[in-house]
Amino acid sequence: MGFLVTVFTLGICYPWALTMIYGWRINHTVVDGHRTQFSGTALGLFGSWIKWLLLSIITIGIYSFWVRIKLENWRVSHTSFVN
């Protein structure tokens, strides 16, 4: 489902697909007996995604090498442990 939405919107709705995947994986992960929880939202990622997309276009794709790192930082900052 997320793939189709991403393709038909030319990547604009990719944050929605990512948060669905991140949410499912993180919310179903247990580390040392503690469940993890994902608090990120597609709307929260959307602004950064547009900025990263524009920077990648302006730099002819050079900035895209940093997008994966930025996404990982965003994902980790929205992940926490539930007691």
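Above this text is the structure in question.
This is a predicted model, so every value here is computed, not measured. Sequence order as written defines the numbering, with residues in each chain counted from 1. With pLDDT at 70 or above as the cut-off, local features in this predicted model cover only qualifying residues; side-chain atom pairs require 80 or more to be listed or tallied, and sums for whole chains, interfaces and linings still use all residues. Derived side-chain values reflect all non-hydrogen atoms in the structure, with water molecules and hydrogen atoms excluded from consideration.

*Asks:* Explain the overall build of the chain to me, please; I cannot follow it from the model alone.
*Replies:* Each helix and strand counted, the chain has four helices and three strands in total. Walking the chain from its N terminus toward its C terminus, one meets helices and strands in the order α-α-β-β-α-α-β. The principal-axis extents of the C-alpha atoms in the chain amount to approximately 45 × 25 × 15 Å. Remark: exposure states derive from per-residue accessible area (1.4 Å probe, protein chains only) relative to the maximum for the residue type, with buried under 20%, exposed over 50%, and partly exposed in between. For the chain, buried positions account for 25% of its 83 residues. Helix and strand definitions follow DSSP, with helices as H or I runs of at least four residues and strands as E runs of at least two, each counted in order from the N terminus.

*Asks:* Would you take a moment to explain the sheet that holds strand S3 (residues 79-82) for this structure?
*Replies:* Strand pairing in a sheet is mediated by backbone hydrogen bonds. Such pairs are either parallel or antiparallel. Strand pairing is assigned whenever DSSP identifies at least 2 bridges connecting the two strands. The three strands lie next to each other as S1-S2-S3, forming an open sheet whose pairing is antiparallel. Strands with a single pairing partner mark the edges of an open sheet, and in this sheet they are strand S1 (30-31) and S3. Contacts: residue pairs with any heavy atoms within 4.5 Å of one another. Lines fitted to C-alpha atoms define the axes here, with helix axes fitted over just the stretch in contact, and angles between the N-to-C directions of these axes take values from 0 to 180 degrees. Helix H2 (residues 14-27) rests against strand S2 (34-38) and S3 of the sheet, and its axis sits at about 165° to S2.

*Asks:* Can you help me understand the pairing of S2 in this one?
*Replies:* Note that S1 and S2 share two bridges and pair antiparallel. By the bridge assignment for S2, Val30 is matched with Arg35. The pairing of S2 with S3 spans four bridges and is classified as antiparallel. Among the inter-strand pairings, Thr36 is bridged to a residue of S3, identified as Phe81.

*Asks:* So what exactly am I meant to see when it comes to the nonpolar core here?
*Replies:* Considering soluble globular proteins, one finds that nonpolar side chains tend to be buried as a cluster. Working definition of a nonpolar core: buried Ala, Val, Leu, Ile, Met, Phe, Trp, Tyr and Cys residues. They are joined through side-chain atoms within 4.5 Å. Listed in full, the eleven residues of the largest apolar core are Leu18, Tyr22, Ile26, Phe38, Leu45, Trp49, Trp52, Tyr63, Val67, Leu71 and Trp74. Every element with two or more residues in this core is listed here: H2, helix H3 (42-58) and helix H4 (64-77). Apart from residues lying up to four places away in sequence, Trp74 is in contact with Thr19, Tyr22, Phe38, Gly40, Thr41, Gly44 and Leu45.

*Asks:* Help me understand the side chain of Thr36, please; the structure alone is not making it clear to me.
*Replies:* When you line up the elements, Thr36 lands in strand S2. Owing to a relative accessible area of 7%, Thr36 belongs among the buried residues under this scheme. A polar contact is formed between the side chain of Thr36 and the backbone oxygen of Ile26, at a distance of 2.4 Å. Thr36 has contacts with Ile26, Asn27, Thr29, Val31, Thr79, Ser80 and Phe81, leaving out every residue within four places of it along the chain. For the purposes of these results, a polar contact is taken to be a pair of N or O atoms within 3.5 Å, where, inside protein, one atom must be able to donate a hydrogen and its partner to accept one; residues adjacent in sequence count only when each atom of the pair is a side-chain atom.

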